[in-house]
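Results of the structural survey
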Amino acid sequence: MTIFSVYIINKAGSLIYHYDAPNSGRPAVEKTFSYPLELVLKVFDEKVTVAFGERDGIKVGHAVLGINGIPAEGRFLRDKREILEVLASEKNYPINIKFGRPPLSINERIMLASMLHSLFAIGSQLSPEPHSSGIRTMETDTFKLHCHQTMTGVKFVVITDPKQGHVDAILKKMYEAYADFALKNPFYSLDMPIRAELFDNSLQSVIEQADKYGISNI
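Right, let's walk through the structure included here. Not measured: the values here are computed from a predicted model. Each chain has its residues counted from 1, following the order in which its sequence is written. Predicted model: local features are reported for residues with pLDDT of at least 70 only, side-chain atom pairs are reported and counted for 80 or more only, and whole-chain, interface and lining totals are derived from all residues. Heavy atoms from the whole structure form the basis of all side-chain values; hydrogens and water molecules are not counted.

Turning to the side chain of His146, a few remarks are in order. Only DSSP runs of H or I with at least four residues qualify as helices, and only runs of E with at least two residues qualify as strands; both kinds are numbered from the N terminus onward. Tracing the chain through its elements places His146 in strand S11 (residues 144-149). Think of it in three bands: residues with accessible area under 20% of the maximum for their type are buried, residues over 50% are exposed, and the middle band is partly exposed, with areas taken using a 1.4 Å probe on protein chains only. For His146, a relative accessible area of 6% translates into the label buried. If near-sequence neighbours (up to four positions away) are discounted, His146 is found in contact with Arg136, Thr137, Phe156, Val157, Val158, Thr160, Val167 and Leu171. Residue contacts are defined here by distance: any two heavy atoms, one from each residue, within 4.5 Å place the two residues in contact.

Following this line, the structure appears as structure tokens:
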């Protein structure tokens, strides 16, 4: 059972905090290729991604994360070589390439937070009953999204393994940490991004204990 990510969204739909658990890294596929490369790669959003061709777990949309152990940074390797130029040269083969889903950028997280806020509002409006709580959970085959809205309109969104249980209790503990270490912080302004080390530590402690011991020991 795993908690992957936490998002806190203010009442206006802006992302004010996010946390990715250390063990939530997206799975990667590493393969050695001979020349010519049978995958079609293109630059999309400053990342070199697979545009055509799938094999051995490598899928369209996966990005190049590294070559021969050198991490990718956008469309360049860390040693400043351009990825597509490296892959186009026959002298560099055989070559080891690491593919996977790239981590979300802060701009992508902000956009997702705004979309989640809109979905929550749509869910409330679609309800046949007044004063609906909106979307509480959304489930796929690989993750489950849980949402809790406070009385002040702040939303706590948690992405978990589909088998993770007792998430309502975990959300309650997260809200307690928010109340104790963000709202009671004299330097914190309501609805602004949360930058408090005590809150970071408390939230991480809740997640780690839930993953390791279960909710009864949080």
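The next subject is unusual backbone geometry. In terms of backbone geometry, most residues other than glycine have negative phi values and most peptide bonds are trans. Between Tyr35 and the following residue, Pro36, the backbone shows a cis peptide bond with an omega angle of -5 degrees. Note that Pro36 resides in the loop between strand S3 (28-33) and strand S4 (40-44). Between Tyr93 and the following residue, Pro94, the backbone shows a cis peptide bond with an omega angle of -5 degrees. With respect to the element layout, Pro94 can be found in the loop between helix H1 (83-88) and strand S9 (95-100). In this structure, Glu46 is a non-glycine residue whose phi angle is positive, near 65 degrees. Of note, Glu46 is situated in the loop between S4 and strand S5 (47-52). Of note in the backbone geometry, Lys80 takes a positive phi value of approximately 80 degrees without being a glycine. You can call Lys80 exposed: its relative accessible area is 65%.

Before going further, it helps to examine the nonpolar core. Joining through side-chain atoms within 4.5 Å is the link that ties buried Ala, Val, Leu, Ile, Met, Phe, Trp, Tyr and Cys residues into a set, and such a set is a nonpolar core. Ranked by internal contacts, the top residues of the largest apolar core, which has 25 residues, are Val6, Ile8, Met174, Tyr178, Ile194, Phe199 and Leu203. No other element matches the seven residues that helix H3 (residues 167-183) contributes to this core. Beyond its immediate chain neighbours, meaning those up to four positions away, Leu203 contacts Val6, Tyr17, Tyr19 and Met174. Counting residues in each nonpolar core, the second largest holds 18 residues, with Leu41, Ile67, Tyr93 and Phe99 among its members.

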